[in-house]
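Descriptive analysis of the structure
Read off the chains here:
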Amino acid sequence: MSDRQASLRENVRLLGDCLGETMINHLGEDLLNQVEDIRRLSKEGRQAGDSAPLIAALEALNDDEIVPVARAFNQFLNLSNIAEQYHRVHRRRTNESLGVYQNPVGDLLARLHDNGHSQESILSTLKEQSIELVLTAHPTEVVRRSLIQKYDNISSELEALDKDNILPLEEDIHVRRLSEIITQAWHTDEIRDQRPTPVDEAKWGFAVIEQSLWQAIPRFYRQLEQQFSRHLDGALMPMDLAPVKFATWMGGDRDGNPNVTAKVTKEVSLLARWMAADLYIKDLNVLRSEFSMSECNQALRDRVGESTQPYREILRNLENKMIATRDWAQACIKGEPASRENILLDSKQLHDDLVLCHQSLIDCGMKVIANGRLLDLIRCAATFGLSLVKLDVRQDASRHIDALSAITRFYGVGDYAEWDEASRQAFLLTELNSKRPLLPRDWVTTSEVKEILDTFAMIADGDASSFGSYVISMASAPSDVLAVALLLQESGVVQKMRIVPLFETLADLDNAQPTIEQLFSMPWYKAYIDGQQEVMIGYSDSAKDAGQIAATWGQYRAQEALTDLCHKHGVRLTLFHGRGGTVGRGGGPAHVAILSQPPGSVNGSIRVTEQGEMIRFKFGIPDIAVRSLELYCSAVLEATLMPAEAPKEEWRAVMDEMAEIGMNQYRSIVRGHEDFVPYFRAITPEQELAELPLGSRPARRKSDGGVESLRAIPWIFAWMQIRLMLPAWLGAESALQQAVDSGHLEKLRQMREEWPFFSAYLDMLDMVLAKAEPEIAEYYEKRLVPEELKPLGRLLRNKLQKVSSLIIELKEQERLIEDNQTIRQSIDVRNPYIDPLHYLQAELLYRSRQTSDNKKVSKALMITMAGIASGMQNTG
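Counting its secondary structure elements, the chain contains 38 helices and eight strands. Computed over its C-alpha atoms, the radius of gyration of the chain comes to 28 Å, within 12% of the 29 Å expected for a compact globule of 876 residues. Taking the principal axes of the C-alpha coordinates as reference, the chain spans close to 85 × 80 × 60 Å. Scored against the burial criterion, the 876 residues of the chain give a buried share of 60%. Long-range contacts, defined here as pairs at least 24 residues apart, represent 83% of the contacts in the chain between residues at least 6 apart.

Turning to the confidence of the model for the chain, a few remarks are in order. When pLDDT is averaged across the chain, the result is 91; 94% of the residues are at 70 or more. Scored below 50 in pLDDT, residues 581-587 shows 36 contacts in the model against residues more than four places distant or in partner chains.

Packing of helix α28 (residues 676-683) against helix α35 (residues 774-784) leaves a shortest axis separation of 9 Å and a crossing angle of 95 degrees. The pairing of α28 with α35 is recorded here as roughly perpendicular in orientation. Taken together, the residues of α35 that come into contact with α28 (itself represented by Tyr 679, Ala 682 and Ile 683) are Ala 777, Tyr 780, Glu 781 and Leu 784. Residue composition of the contact of α28 with α35, grouped by class: six nonpolar, no polar and one charged.

As a further point, take unusual backbone geometry. The backbone of Asn 342 sits at a positive phi, close to 70 degrees, despite the residue not being glycine. As for its placement among the helices and strands, Asn 342 is situated in the loop between α12 (310-334) and α13 (348-363). Non-glycine residue Asp 442 carries a positive phi angle of around 55 degrees. With respect to the element layout, Asp 442 can be found in the loop between α16 (421-432) and α17 (447-461). Since its relative accessible area comes to 74%, Asp 442 is described here as exposed.

Turning our attention to helix α26 (residues 622-641). Helical geometry note: an α-helix holds 3.6 residues per turn, so side chains three or four residues apart project in the same direction. Compared with the 28 Å implied by 1.5 Å per residue over 20 residues, the 28 Å span of α26 between its first and last C-alpha is a close match. With 19 of its 20 residues buried, α26 lies for the most part within the structure.

Below, the discussion takes up the pattern of salt bridges. All told, the structure shown has 63 salt bridges when counted by the stated rule. Between Arg 40 and Glu 44 there is a salt bridge whose closest N-O contact spans 3.4 Å. Here Arg 40 pairs with Glu 44, and both are found in helix α2 (residues 29-48), just four residues apart, close to one helical turn. Of the charged contacts, one joins Asp 255 and Arg 394 as a salt bridge, the two residues approaching to 3.5 Å between their closest N and O atoms. Placement of Asp 255 in the loop between β2 (244-248) and α10 (262-290) and of Arg 394 in strand β3 (residues 390-396) is noted, with a sequence separation of 139 residues between them.

The subject of this paragraph is the sheet that holds β2. The strand order β1-β2-β3-β4-β5-β6-β7-β8 describes a closed barrel built from eight strands, whose pairing is parallel. The average angle at which neighbouring strand axes cross in this sheet is 25 degrees, direction not considered. Across two bridges, β2 lies against β3 in parallel orientation. In the strand pairing of β3, Thr 248 is matched with Leu 391. Contacts between helix α20 (residues 512-520) and the sheet are confined to β5 (498-503) and β6 (532-538), with β5 contributing the most and set at about 155 degrees to the helix.

Time to look at the environment of His 87. By the secondary structure assignment, His 87 is in helix α4 (residues 63-98). Overall, the relative accessible area of 9% leaves His 87 in the buried class.

Turning next to helix α8 (residues 168-186). Compared with the 27 Å implied by 1.5 Å per residue over 19 residues, the 27 Å span of α8 between its first and last C-alpha is a close match. All buried positions along α8 are accounted for by His 174, Leu 178, Ser 179, Ile 181, Ile 182, Ala 185 and Trp 186. Buried residues of α8, viewed axially, fall in a sector of 165 degrees; they line one side. Every exposed residue of α8 that faces more than 90 degrees away from the buried side is listed here: Leu 169 and Arg 176.

What follows deals with the pairing of β5. With five of six residues buried, β5 is to be regarded as a mostly interior element. Pairing geometry for strand β4 (residues 467-473) and β5, over four bridges, is parallel. Among the inter-strand pairings, Ser 469 is bridged to a residue of β5, identified as Arg 498. Note that the unit made of β4, helix α18 (residues 478-490) and β5 has a crossover that is right-handed. Bridge count between β5 and β6: two bridges; the pairing is parallel.

Moving on to the packing of aromatic side chains. Each aromatic ring pair is characterised by the separation of its centres together with the angle its planes make. Counted by the stated rule, this structure contains 30 aromatic pairs. Taken together, a centroid distance of 5.0 Å and an interplanar angle of 45 degrees make the contact between Trp 755 and Phe 757 tilted. Accessibility classification places Trp 755 together with Phe 757 in one group, the buried group. In this structure an aromatic cluster arises from ring pairing among Trp 214, Phe 246, Tyr 280, Phe 384 and Phe 619. In this structure, Arg 607 packs its charged tip against the face of Phe 576, placed 4.5 Å from the ring centre. Of note, Arg 783 hangs over the ring of Tyr 846, and the distance from its end group to the ring centre comes to 4.0 Å.

Structurally, Thr 640 is set in helix α26. Within the structure, Thr 640 has its side chain in polar contact with the backbone oxygen of Val 636 (distance 2.7 Å).

Turning next to the nonpolar core. The biggest cluster of nonpolar side chains holds 149 residues, and the ones touching the most others in it are Leu 224, Phe 228, Tyr 280, Phe 384 and Leu 388. Broken down by element, this core gets its largest block of residues, 14 residues, from helix α9 (residues 198-231). Apart from residues lying up to four places away in sequence, Tyr 280 is in contact with Trp 214, Met 322, Leu 350, Leu 377, Cys 380, Ala 381, Phe 384, Gly 385 and Leu 386. If you look at the next biggest cluster of nonpolar residues, it comprises 131 residues, including Phe 76, Leu 726, Leu 769 and Val 857.

Looking at where Gln 359 falls in the secondary structure, it is placed in helix α13. Remark: the alpha-carbon pair of Gln 359 and Ala 299, spanning 60 residues in sequence, is separated by 9.1 Å.

Conventions and cut-offs
Residues numbered from 1 in each chain as written. Predicted model: local features only at pLDDT ≥ 70, side-chain atom pairs only at ≥ 80, totals over all residues. Heavy atoms only, no water. Helix = DSSP H or I, 4+ residues; strand = E, 2+ residues; numbered from the N terminus. Rg over C-alpha atoms; globule rule 2.2 N^0.38 Å. Buried < 20%, exposed > 50% of the residue type's maximum accessible area, 1.4 Å probe, protein only. Contact = heavy atoms within 4.5 Å. pLDDT = per-residue confidence, 0-100. Axes fitted to C-alpha atoms, helices over the stretch in contact; angles between N-to-C directions. Parallel < 35°, antiparallel > 145°, perpendicular 65-115°, else oblique. Nonpolar A, V, L, I, M, F, W, Y, C, P; charged D, E, K, R; others polar. Expected span 1.5 Å × (residues − 1). Salt bridge = Lys/Arg side-chain N within 4 Å of Asp/Glu carboxyl O. Pairing = 2+ DSSP bridges. Arc of directions from axis to C-beta. Right-handed = clockwise from strand over helix to strand, strands pointing away. Phe/Tyr/Trp six-rings, centres within 6.5 Å; stacked < 30°, edge-to-face > 60°. Lys NZ or Arg CZ within 6 Å of the ring centre and 35° of its normal. Polar contact = N/O pair within 3.5 Å; in protein donor to acceptor, adjacent residues only side chain to side chain. Core = buried A, V, L, I, M, F, W, Y, C linked by side-chain atoms within 4.5 Å.

Okay, structure coming up:
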């Protein structure tokens with residue numbers, strides 16, 4: 001065993017011992033012995049290929065025992081996640097100290113230099129680079145914020161114990177503190193009493209910035225500067241360089257979520273400003289206490305007059321403005337009278353005053369001070385501004401149609417909803433060019449339409465710097481974009497807010513290029529966008545609509561077509577990737593995904609959603625956040641300066657054929673098989689999931705809808721819980737088999753070797769299949785599914801076996817995920833702890849469906865859902 005593995009196992013053992021002691025103190029040694037027996041049976045069952053003794057032990061648990069047993073395994077998996085996450089930090093630090101850490105930016109800069117890229121072109125590209133990471137709430141985010149804070153504290157204690165030459169007394173103090181925090185976590189309910197509100201979700205997102213990203217951003221830029229200096233002959237980065245920024249949908253995403261109102265979005269935008277002001281106040285206070293220097297340059301002297309403490313004068317003034325801004329935001333949130341005197345809404349003065357101090361320190365020989373905390377704050381200001389994040393607004397296209405329909409019916413000119421596309425466009429363009437107002441004064445309409453109009457009015461009343469894009473879900477036609485433009489204009493929105501169509505279904509993806517091309521043909525629209533077009537690519541719903549292989553290829557083709565179109569029209573395209581954390585929703589390593597995009601489609605600009613638990617995994621700890629930012633930055637830089645080659649026509653032909661076969665097979669099961677819906681509802685906890693008080697957004701778009709109305713995230717969550725992972729692979733087994741049968745095996749291997757897109761697809765499929773467990777799914781079926789539906793289950797498991805064998809054959813491996821031992825080991829280590837939760841969940845589903853209103857069974861069931869999600873390290 002390597003030293004690194006030993007360190008991880010030692011931390012897992014330490015945390016497990018603390019948990020065991022906590023359980024004994026609370027419920028006695030019998031519980032710990034019971035849990036240990038179940039764990040032993042699980043491990044033996046894995047080794048022997050026989051889980052019958054484990055299942056018997058779990059089925060024998062009475063209602064009083066199920067909750068503590070479920071909690072024990074859930075807590076252990078959460079603690080294992082913490083140990084593994086800290087291990088990543090420890091490994092990086094160790095490698096850095098030994099001089100063997102491969103910084104992705106440094107590695108890329110060396111390759112760019114070797115490939116003939118000049119220092120000037122690299123730096124110029126970085127200056128123009130725009131990466132915006134959009135933090136979104138997650139309807140199946142399972143870990144409560146109060147527990148996340150405790151988990152962060154556990155990680156801090158592991159770090160404290162990791163010091164060389166730690167004294168025995170110190171070690172004892174930190175171990176005791178670990179035990180204390182783990183006891184607190186054990187006595188904290190894993191499951192919320194109530195669903196979080198959209199404001200709660202936004203506060204959670206802002207907490208990640210406060211506790212991690214605010215520290216990570218300056219460290220990231222110091223690393224970046226260090227790599228540029230090392231590889232590019234001492235090249236200096238501009239202080240206001242900000243290739244990575246942050247936006248959010250939390251509090252702005254009203255698509256299918258009636259809890260997100262205009263009032264909520266306004267409150268969240270104010271909360272963001274409150275948080276930004278509070279963070280600046282803390283840092284300015286520290287700088288003011290340290291900056292006692294009296295010597296300054298003439299520019300600073302001209303600002304402060306005869307003051308003997310020129311830097312403190314500037315910093316005190318900024319701090320007072322930030323306090324006033326924070327107080328103003330607080331009063332606005334409470335609905336109290338709010339003074340705008342002395343507040344800062346535009347970050348220009350903050351930036352200019354900090355740079356003024358920085359330049360004065362440089363001029364006066366105090367470079368080491370200038371480039372310390374002050375430079376860190378300048379870079380935070382460049383990244384976060386005074387709004388902290390840009391708040392996107394998202395709404396379904398049909399809601400805008402409803403609003404315009406109400407308006408046209410009020411005026412007696414017909415029903416907008418019933419008009420064809422040409423009539424809609426003609427009406428919208430006429431009104432956009434009209435000088436008279438469209439919205440009736442003192443108009444009384446339905447509450448639904450009023451809410452739509454209130455949202456646009458809220459944007460008009462708010463500060464322009466608070467808002468990012470207006471995203472239109474289920475966009476399918478040019479009129480969907482023009483409708484939003486008209487409603488923005490009529491509501492008095494002065495700034496040209498980015499209007500972003502989100503193409504979600506496969507048909508809409510195929511129609512994306514013609515839709516944007518029609519818009520480009522309209523002079524009004526070309527003038528509005530001013531050479532910048534943003535388009536969002538939907539991963540979740542396209543995969544749910546057509547299957548993963550067809551959706552993945554559809555997304556690629558849509559991006560290619562949009563890239564060519566924008567190049568032809570001289571428009572800079574930004575593609576907004578609505579990727580989730582799972583393969584079924586476009587997930588996987590971000591840098592691999594970026595490098596597998598169509599050539600020319602990145603071009604220095606990209607937006608990507610980061611959702612739920614993935615925000616914690618990628619950005620929850622400063623060290624890991626720095627690593628994630630390095631990967632994003634280097635991948636976008638590489639995709640811009642060294643894009644992949646375009647795929648060969650013969651490869652495209654194979655993909656076209658496989659996508660068609662995969663889609664037909666997927667739809668024939670999901671839409672065409674008469675037993676599919678009852679089987680899905682019988683074998684998965686899909687219906688019980690609705691009882692979990694997780695995110696603020698309902699799991700369904702329509703409360704009475706079928707599978708088609710189920711959102712993509714809970715759709716994937718349900719299949720992941722039973723380890724069938726169906727959304728990620730169904731259809732691929734037929735597509736790949738047909739390609740092999742047609743004599744394309746070697747061609748597929750060539751595609752894997754030479755085409756990043758196809759290689760990334762196979763690797764993601766390999767990873768998700770390694771997490772699938774047909775034997776576990778079969779037990780759910782045995783316990784829960786009526787006999788007449790079981791033939792479909794056997795069919796699906798046979799398809800799963802087929803696609804797994806095909807991946808092994810294509811990648812020339814002995815077993816799944818053979819080429820990624822880190823993930824392979826993580827899965828193998830976790831399985832003995834996840835298995836009991838699966839078998840227990842199936843038993844609990846059986847009991848809950850036999851006897852309603854058993855609170856102990858319901859609670860234990862919810863805990864198993866949370867535990868499995870934690871163990872799998874993703875939900876949906």
